Every structure is written in C-alpha cells, then in structure tokens.
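Structural overview
Given next are the chains, with one letter for each unit.
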Amino acid sequence: MNNDAPLRALRRPELDRVTDVELDRLVTRLESEQAARAGSRGTRRGGGRRHVRRALIALAMLAILTTGTALAAGTNPVDWVKRTWFPHAAVDSVAATDDVSLQTLNAAERRTLRQMLDGMPADRGDLGPLQSEMKPVGDGRVLVDGADGRVSALASKRGDVCIVWSKPAASRASGGTCVGEFPESGVAVVAGYDGNVAEIPGLFADDVSTITIETRDGAVHDVELGANGFIWRSDASIGDGPVSMRIIRAGITYDIKLGDPRPASSPSTTP
Amino acid sequence: MMGSPADTTHRIDATTFPALVRDHAATVLRYARQRVGADLAEDIVSDTFADAWRRRERFNAHPGDNAAAWLLGIATFVVARHRRAEQRWLQMRIDTAQLEAAEFAIDESARADEQLDAVSVHARLIRALARLPRRERDPLLLHVQAGLDYDAIAEALDVPLGTIKSRISRGRTRLEHAMERDRP
C-alpha cells in the first residue's frame, strides 16, 4: 500500500456534501453556544449545561462506590474525565514507585480493569481478555501505594491510559477509568465515596505544581502530591465533601467542579 | 491536500471567533461526519469550537498556525472522547459492506463478481481501520478524510513531523497486513 488510492475508500464522498441550510443551522447553533459561553463567568469553564452534566456524572461515580463495588467506567465517568486531551504519553512520562503488571494487580483491581474495558465480561477470573487488551509488563506504574490504598496507571494496546485505584485489601473496593488522552488540566481522577468519606485518587502530569480541593464548608485543602499520583480523602463526614478542584499546571489555573457526593442532595451545579 | 488552506484567522478573540466559526464550521463538520457519522457530527463540531475557545490563548501564542488544521486537531481529540460512537460507526460501515457483499454474492450478473470484490475489500479495510491504534488512525484519517498534508497534521496534533510520517507509514503497513490476514 504505497499510495493513497486504496485508502480513498475510507472517505465517503456523500458525507462531504454540506448544504447551505445545514451549514446555516450549524453556524447559528455555534454562535448561540458561543454567546452563552461569552456571557458566563470564567474563561476556562464550560457552559452551565456542561457543568451540570459534569457534576451529575461525578455524583454518579461517587454513588456507585457507595456500595463498595468496582466502578465500571466506560460510559459517563470516562466522559467526565475526558475533557480536553493531549497525546497520550502519560504512562511513559510518569514517575513511579514500582512497576505493575496484570499479574501483580489484586483481584479487585483486575475486576475493575476488566469492567473498564469495553465489551469485557466482568465475571471471568482469568487474565486472558486483559492480556489481549493491555500492554505487557513494564508499561504499568504504581503511582501511590500507602495506607489509603493504591493507584496504578496501565497502558492498553489501544493507547488508553487506565487508572486503577484500590482501597486497602480489607475493603475490597476498587475503581478506575481509562482515558484516551490526558486532560488539559494535567489531572485525571476517579472519585469515590464509601458512605462517610469521599476519596479522590488521581494521576497528574509532571508540570502540575499544585492541586487543592474545596469542600462544602468552604475550606481549601492542599492535596499531597506523590510520584505523579495522589489519593485525597475528606477528613471527616461527607458534610464536608469536596465540591471543586483547583489545579495549577504550568502557571495556568484550572477549576473543576466535583459535584456533591451525597446522593440525596443536589446543590447548585453552575459555576 | 489541504496543506495550507486559505486562512485569515491569526488571532482568536470575541471579535474574530464568529468569523472562525463561519470560515471553518463546514470543514470540521465534514471531517466529523467521516469520523463518526452524521448523527453525532454536529455535537463533535460544537465541542470542537467550545474547546477552541477555551484553548484560544494557545493558538494566539503561535501566530503562524493554520486555524483549519488546529481545529481539525481539536476535533480529532473530541472524537477520541467518543470512542464507542466511532467504533459503532465503523461497525455500521462494515455491516453495510457485508450486506452489499451478500447481495452481490447471489447476483448472477456480469459485474457482480467485480462488485463483490470491491465491497469485500472495503469491509476488510474498515475492519482493519477499526483495529488500528489511535495514534496511527488519527493522522492517517486526517490525511485521507480531511485532506491535510503531513506538515498540517503535525501542527494539528502537535506532534513532530517525523513522528507523523512514521505513524502514517506504520498505519498503512498495519492496514495492509490486517487486510491480508482478513482475506477469505
């Protein structure tokens, strides 16, 4: 296949035809959306609708972990994390406390990973499906491994970076998400809530200097940054649950709305 | 190839953004349709311009950059957020080609064999494309579907030119091998 001729079949000519009516309608929509953006506060935040969606998704993620089951990303949680991306070299560039492979993942982590990857049965105990999806030993890194649990990043053969978080062994809880590329903010997180304590494990890029989390009581908490990974826990009850995350990356500040982890309440989700 | 389309956008701000939309919405829409189908394409375009607005300072910091290529690069990242939709679209194209192949297979007209070969090749091509790693699929489709040349693709994806060339080359080879393995 030395020229483009065989590949031209990948382009369907009929899809290239855009009528004036279609274009006018699209431009009107884009102008309307832009007017809404320009009228909202802050330049790095999306419109209100997007914030509502993001917050609701965060809420869904938090609620899922309430049961202590594995968090199956691949639908909304992935969309939540996948906002704006850069080309995926994340796993290669991160520091690590240790390598991790499919064999060294614990059962909960493997279960989570299987659920995160599209189309995989969740109940199979063998490593076969994972081995066909994930890159081999050496492409995974443990980013955090401590009393609050473990955060690992593994690369899939499709080019995704999968973040797998597991709580200490006794709880058997695990969560995660796979991201095709890394957020512009330089931080990808998985949020968790066990009924009392909210937890936000995540992965961050080298040039992220500061991450803070604001809780409902208005307090701002510094996130302790490890080797490209972190696990933040709310100190006490969920009454002080996280509402937003501020990230400073290469001198630029990014604000991310986290939503309210309490299933019964729904505070304002607009900026 | 689109290498350097006529482009008058040198800076993005509130006054120039409407012109950016008018000048490039159709280009981004065509590309989005090719990547994910018509149903989702307008949402992809919407997210692309939303991201473009958020990232405008990055564009403004590089006055020589080509706005069309830059937008198509953003659209490519937006498509990446819709991996399942993209895979569904590719599967639909495979299914369509296979249905056509089945019809030609029972057709006894003179051109049926020739048409059967064509749709079979097409199905194998799309199937191979669906399995291609994103790092190779994206530049390849920016080239084939959006008509960007290698320089523009490198700019669009913010990846060195040499890397783009090798990814496209590897992608082509991988497609060829996958189609060969898939041959009935």
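Residues numbered from 1 in each chain as written. Chains lettered and ligands numbered in written order. Predicted model: local features only at pLDDT ≥ 70, side-chain atom pairs only at ≥ 80, totals over all residues. Heavy atoms only, no water.

1. A closer look at the pairing of strand E10 (residues 198-204) of chain A
All names here are of chain A. Counted only if it meets this: To sort residues, take the accessible area from a 1.4 Å probe on protein chains only and compare it with the maximum for the residue type: under 20% means buried, over 50% means exposed, and anything in between is partly exposed. Only DSSP runs of H or I reaching four residues or more are called helices, and only runs of E reaching two or more are called strands; each is numbered from the N terminus. For two strands to be treated as a pair, DSSP must find no fewer than two bridges joining them.
Extensive coverage of E10 is indicated by the burial of seven of its seven residues. The side-chain alternation of E10 yields two buried faces, one formed by Ala198, Ile200, Gly202 and Phe204 and the other by Glu199, Pro201 and Leu203. Where strand E8 (residues 187-189) and E10 come together, three bridges link them in antiparallel fashion. Residue pairing across strands places Val187 opposite Phe204, the latter belonging to E10. Bridge count for E10 against strand E13 (residues 229-233) is five bridges, and the pairing is antiparallel. Across the sheet, the residue bridging to Gly202 is Phe230, located in E13.

2. Observations concerning the environment of Asp207(A)
All names here are of chain A. Short version of the rule: By definition, residues are in contact when any of their heavy atoms lie within 4.5 Å.
Take Asp207: it is sitting in the loop between E10 and strand E11 (208-215). Considered as a pair, Asp207 and Gly251 are 44 residues apart in the sequence and their alpha carbons are 8.9 Å apart. Residue contacts for Asp207: discarding those within four places in its chain leaves Ile248, Arg249 and Ala250.

3. Focus: the nonpolar core
Note the cut-off: Buried Ala, Val, Leu, Ile, Met, Phe, Trp, Tyr and Cys residues that are joined via side-chain atoms within 4.5 Å together make up what is termed a nonpolar core.
In terms of nonpolar packing, the biggest core is built from 60 residues, with Leu10(A), Val45(B), Phe49(B), Leu142(B), Leu148(B) and Leu175(B) touching the most fellow members. Ranked by residue count, the leading element in this core is helix H4 (residues 67-80) of chain B, at 10 residues. Beyond its immediate stretch of four places on either side in the chain, Phe49(B) contacts Leu30(A), Arg37(A), Phe17(B), Leu20(B), Val21(B), His24(B), Ala25(B), Val28(B) and Leu71(B). Listed in part, the 16 residues of the second largest apolar core include Phe204(A), Ile211(A), Phe230(A) and Trp232(A).

4. Structural notes on the packing of aromatic side chains
Aromatic rings in a pair are described by how distant their centres are and how their planes are angled relative to each other. Residue and element names in this part refer to chain B. To be explicit about the condition: Ring pairs are drawn from Phe, Tyr and Trp, using the six-membered ring of Trp, whenever the two centres fall within 6.5 Å, and their geometry is named by plane angle: stacked under 30 degrees, edge-to-face over 60, tilted for the rest.
Under the counting rule described, the total for this entry stands at four aromatic pairs over all chains. A ring pair is formed by Phe17 and Phe49, whose centres lie 6.2 Å apart and whose planes are at 90°; its orientation type is edge-to-face. Highlighted residues: Phe17 in helix H1 (residues 17-36) and Phe49 in helix H2 (residues 38-54), separated in sequence by 32 residues. Accessibility assignment for this pair places Phe17 and Phe49 in one class, buried. Through a chain of ring-to-ring contacts, the aromatic side chains of Phe17, Phe49 and Trp53 assemble into a single cluster.

5. Section: the packing of helix H8 (residues 150-157) of chain B against helix H9 (residues 161-181) of chain B
Residues and elements named next belong to chain B. Let me state the cut-off plainly: An axis is simply a line fitted to the C-alpha atoms; with a helix, the fit covers only the stretch in contact. Between two such axes, the angle follows the N-to-C directions and lies from 0 to 180 degrees. Here the angle decides the label: under 35 degrees means roughly parallel, over 145 means roughly antiparallel, 65 to 115 means roughly perpendicular, and every other value means oblique. Polar here means any residue outside two lists: the nonpolar Ala, Val, Leu, Ile, Met, Phe, Trp, Tyr, Cys and Pro, and the charged Asp, Glu, Lys and Arg; Gly therefore counts as polar.
Packing of H8 against H9 leaves a shortest axis separation of 9 Å and a crossing angle of 105°. Taken together, the axis directions place H8 and H9 in an arrangement best described as roughly perpendicular. Only Leu161, Ile164, Lys165, Ile168 and Arg172 of H9 make contact with H8, whose side of the interface consists of Tyr150, Asp151, Ile153, Ala154 and Leu157. Here the contact of H8 with H9 is built from residues that sort into seven nonpolar, no polar and three charged.

6. Some points on unusual backbone geometry
Residues and elements named next belong to chain B. The backbone of Asp158 sits at a positive phi, close to 55°, despite the residue not being glycine. When you line up the elements, Asp158 lands in the loop between H8 and H9. Overall, Asp158 belongs to the exposed group, its relative accessible area being 66%.

7. A short note on the confidence of the model for chain B
Residues and elements named next belong to chain B. Rules: Every residue is assigned a pLDDT by the predictor, reflecting its confidence on a scale from 0 to 100.
When pLDDT is averaged along chain B, the result is 84; 86% of the residues meet or exceed 70. A low-confidence stretch, residues 1-6 stays under pLDDT 50, and its non-local contacts, those more than four residues away or across chains, total 18 contacts. Taken together, the chains of this predicted complex give a pTM of 0.50 and an interface ipTM of 0.81.

8. A short note on the pattern of salt bridges
For clarity, the threshold we go by: Basic side-chain nitrogens of Lys or Arg form a salt bridge, by our definition, when they fall within 4 Å of a carboxyl oxygen of Asp or Glu.
Counting across every chain of the model gives 18 salt bridges over all chains. In this structure, Arg33(B) engages Glu22(A) in a salt bridge whose closest nitrogen and oxygen atoms are separated by 3.2 Å. Taken as a pair, Arg33(B) in helix H1 and Glu22(A) in helix H1 (residues 20-39) lie in two separate chains rather than in one. Classification of Arg33(B) as buried rests on a relative accessible area of 8%. Among the ionic pairs, Glu136(B) bridges to Arg174(B), the shortest N-O distance being 2.7 Å.

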